[in-house]
Amino acid sequence: MDPALAILRSSAARMLWGAALGAVTWPVDLVFSVASLLRGPTPFGPVRSLVAWHRRRTVRFLGWADDGVVLTSPRAARYLAARAVVGFVGTLVLGLLAYGMFAVVAGLASWMFDVRLTVDEAFQGDGLSTAGLLGMIPVGAILLYLDLMGLIGVALLDRSAAARWLAPSRSERLAAQVESLTVSRADLLAALDAERGRIERDLHDGVQQRAVALGLLVNRARRAVGASSGSLLLEQAAREAELLVTDLRDVAWRVRPTTLDTHGLAPVLAELVSRAEPPTVLEWESPERLPADVETAIYYVVSEALTNVAKHSGATKAKVRIHVGRAAASVGRARRDPDTDNVRVTITDNGTGGALPHPGHGLAGLTSRVATAGGTLTVDSPPGGPTKIEVTLPCE
């Protein structure tokens, strides 16, 4: 809503009261503004109380929407300095209004009771005549209108000062939005991983068990039939049932292996490497349990990278190396504690190279997943190879 409309829709009494309250505090605002400059980054108690009172006043009487930005000493000093100027102007406007009201009372007293409360030369001599009183009415109405417009202007300035210094800046709003989006993306990724785990459990405990039961029944039927024409068909059915169970196990493994939660990353990577084509070597000097989100991210990075090696690289060998150590520099967008552990994952192959994280492809998805976890992913894959994918993740 436009600030002027918000103030105009408020009652005149509320507007006048809000402007008057803001006007009488300008000396205190000025003193506390100077005091805030002499403090550290956090304002002391009286300054916080004064600014909080101004916030409530502008919200209640001037229709300002308070976003509750964190108050610092520089922000408080600038706001109170602006408030002192606005309050001084408000004092002048209220002084003119008070003088005008006194002039009305003096004029009426002079006209009705011949009382000498002189505020102008027109009241000298025999007092104010009826013609003179009627002539002053339009002039007084115009002056009253201008004074009320002055009050509206003071209220707008008061509201603008609060919006400028007590509301988050554009950069602060953008930073809050980025943080919110990062958290939302992380929550979405966690929900996706949880859903993958549920699908894996359903496959393992439901469909896979039924496939195993089907294979057992087919084998029993084949043994019961003995050597007959139907025995060959049952034998083929038994082989298909075995292949079905194997495929279900592979699908469940690719969705999300259950052992990742129960036994950790090391046995899962060992199993993943043993199944990989081309032959892959895993190097991890001291396997240890890592945070669950880190283990999940590493599993999907290695799984997707080895899948890309098998499909596109034409490599004859690959290597996966895991190293956990101290972070020497910032990771991701935020600078981290130099003493924080991080985990570095390196996947290399001797393929033809040329791998790039194109939008919509596997490497681009891995880059987003790693960034969500606060890490970085780099791809070094010149034409002709070799290809090296390096991932660094914070391990807090």
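Residues numbered from 1 in each chain as written. Predicted model: local features only at pLDDT ≥ 70, side-chain atom pairs only at ≥ 80, totals over all residues. Heavy atoms only, no water.

Caption draft 1: Looking closely at unusual backbone geometry. The step from Glu277 to Pro278 runs through a cis peptide bond, and the omega angle for that step is 5°. Within the secondary structure, Pro278 is located in the loop between helix H10 (265-275) and strand S1 (280-284). (Helix = DSSP H or I, 4+ residues; strand = E, 2+ residues; numbered from the N terminus.)

Caption draft 2: Summary view of the side chain of Thr25. Secondary-structure assignment places Thr25 in the loop between helix H2 (12-24) and helix H3 (26-37). For Thr25, a relative accessible area of 13% gives the class buried. If we ignore the near neighbours within four places in the chain, the residues touching Thr25 are Trp53, His54 and Arg83. (Buried < 20%, exposed > 50% of the residue type's maximum accessible area, 1.4 Å probe, protein only. Contact = heavy atoms within 4.5 Å.)

Caption draft 3: Examining the packing of H10 against helix H11 (residues 292-313) more closely. Remark: H10 packs on H11, axes separated minimally by 11 Å, with the N-to-C direction vectors making an angle of 5°. When the axes of H10 and H11 are compared, the pair comes out roughly parallel. Taking contact as the criterion, the partners of Leu265, Val268, Leu269 and Leu272 in H10 are, on H11, Glu295, Ile298, Tyr299, Val302, Ser303 and Leu306. Its residues placed into classes, the contact of H10 with H11 shows eight nonpolar, one polar and one charged. (Axes fitted to C-alpha atoms, helices over the stretch in contact; angles between N-to-C directions. Parallel < 35°, antiparallel > 145°, perpendicular 65-115°, else oblique. Nonpolar A, V, L, I, M, F, W, Y, C, P; charged D, E, K, R; others polar.)

Caption draft 4: Seen up close, the pattern of salt bridges. Enumeration according to the criterion identifies eight salt bridges in this entry. With a shortest N-O distance of 2.9 Å, Arg275 and Glu271 are connected by a salt bridge. Here Glu271 and Arg275 lie together in helix H10, a separation of four residues that amounts to about one turn. Taking the relative accessible area as the measure of exposure, Glu271 reaches 30% and is therefore partly exposed. The residue Glu283 makes a salt bridge to Lys319 at a minimum N-O spacing of 3.8 Å. Of this pair, Glu283 sits in strand S1 while Lys319 sits in strand S2 (residues 318-326), and the two are 36 residues apart along the sequence. Since its relative accessible area comes to 33%, Glu283 is described here as partly exposed. (Salt bridge = Lys/Arg side-chain N within 4 Å of Asp/Glu carboxyl O.)

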